[in-house]
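Spelled out from the first residue to the last, the chains are:
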Amino acid sequence: MPQKPRTSAQDDRSTFKSHAGQVMMREKSKGGGSVASSRSRTSSARSKPTSSSQSSSPTAQTSLSTKPASAVLKRLMMEEKEHNLLHEEHANERADAAAVHQRFKEHKETEICLREADATALALEADMLRLQIEWAKLNNKPA
């Protein structure tokens, strides 16, 4: 049996259902009482008797059901934008930290090479002084 094409209202409802659970879990973890109050508003809006013109009009039913969904979706979109912004900021901070670390590492490697060259120069100078002392001893020796 072929499936009927989905309408935008059905897509909105499925999107709302999938995101509403996530939002409710976040709000529960924050300890906010807004979940309970939003549930009571939603349930009271559903339990109110509707006029016969509203119940017969599909657009009236759709607008009633998408108003809470649109508010939640707007909030979710804002949270997603904030999340993306924070993600970009952290990525930039990591890139900056990596660049600073790389420069510091290169500086230390250069400093190590310089210290090794100094050590080599001092060792050669010590060898030269030993040879000069030995040369002086040999030249001052009576034959």
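Structural data are supplied above this passage.
Residues numbered from 1 in each chain as written. Predicted model: local features only at pLDDT ≥ 70, side-chain atom pairs only at ≥ 80, totals over all residues. Heavy atoms only, no water.

**Focus on a negative patch on the surface**
Part 1 of the reasoning: A contiguous patch of negative charge, built from E88, E89, E93 and D96, is present on the exposed surface.
Part 2 of the reasoning: Structurally, E89 can be placed in helix α4 (residues 58-139). (Patch = residues over 30% accessible without salt bridge, like charges linked within 9 Å, V, L, I, M, F, W, Y side chains within 5 Å. Areas by Shrake-Rupley, 256 points an atom, 1.4 Å probe, with all protein chains shown as cover. Salt bridge = Lys/Arg side-chain N within 4 Å of Asp/Glu carboxyl O. Lys, Arg positive; Asp, Glu negative; His and termini not counted. Charge placed at Lys NZ, Arg CZ, Asp CG, Glu CD. Helix = DSSP H or I, 4+ residues; strand = E, 2+ residues; numbered from the N terminus.)

**What about the pattern of salt bridges?**
Part 1 of the reasoning: For the structure shown, the criterion picks out two salt bridges.
Part 2 of the reasoning: The residue R115 makes a salt bridge to D118 at a minimum N-O spacing of 4.0 Å. You can see R115 and its partner D118 sitting in helix α4, three residues apart, about one turn around the helix.
Part 3 of the reasoning: A salt bridge links D127 to R130; its shortest N-O distance comes to 2.5 Å. Residue D127 and its partner R130 are located together in helix α4, separated by three residues, close to a single helical turn.

By themselves, these observations are geometric and do not establish any function.
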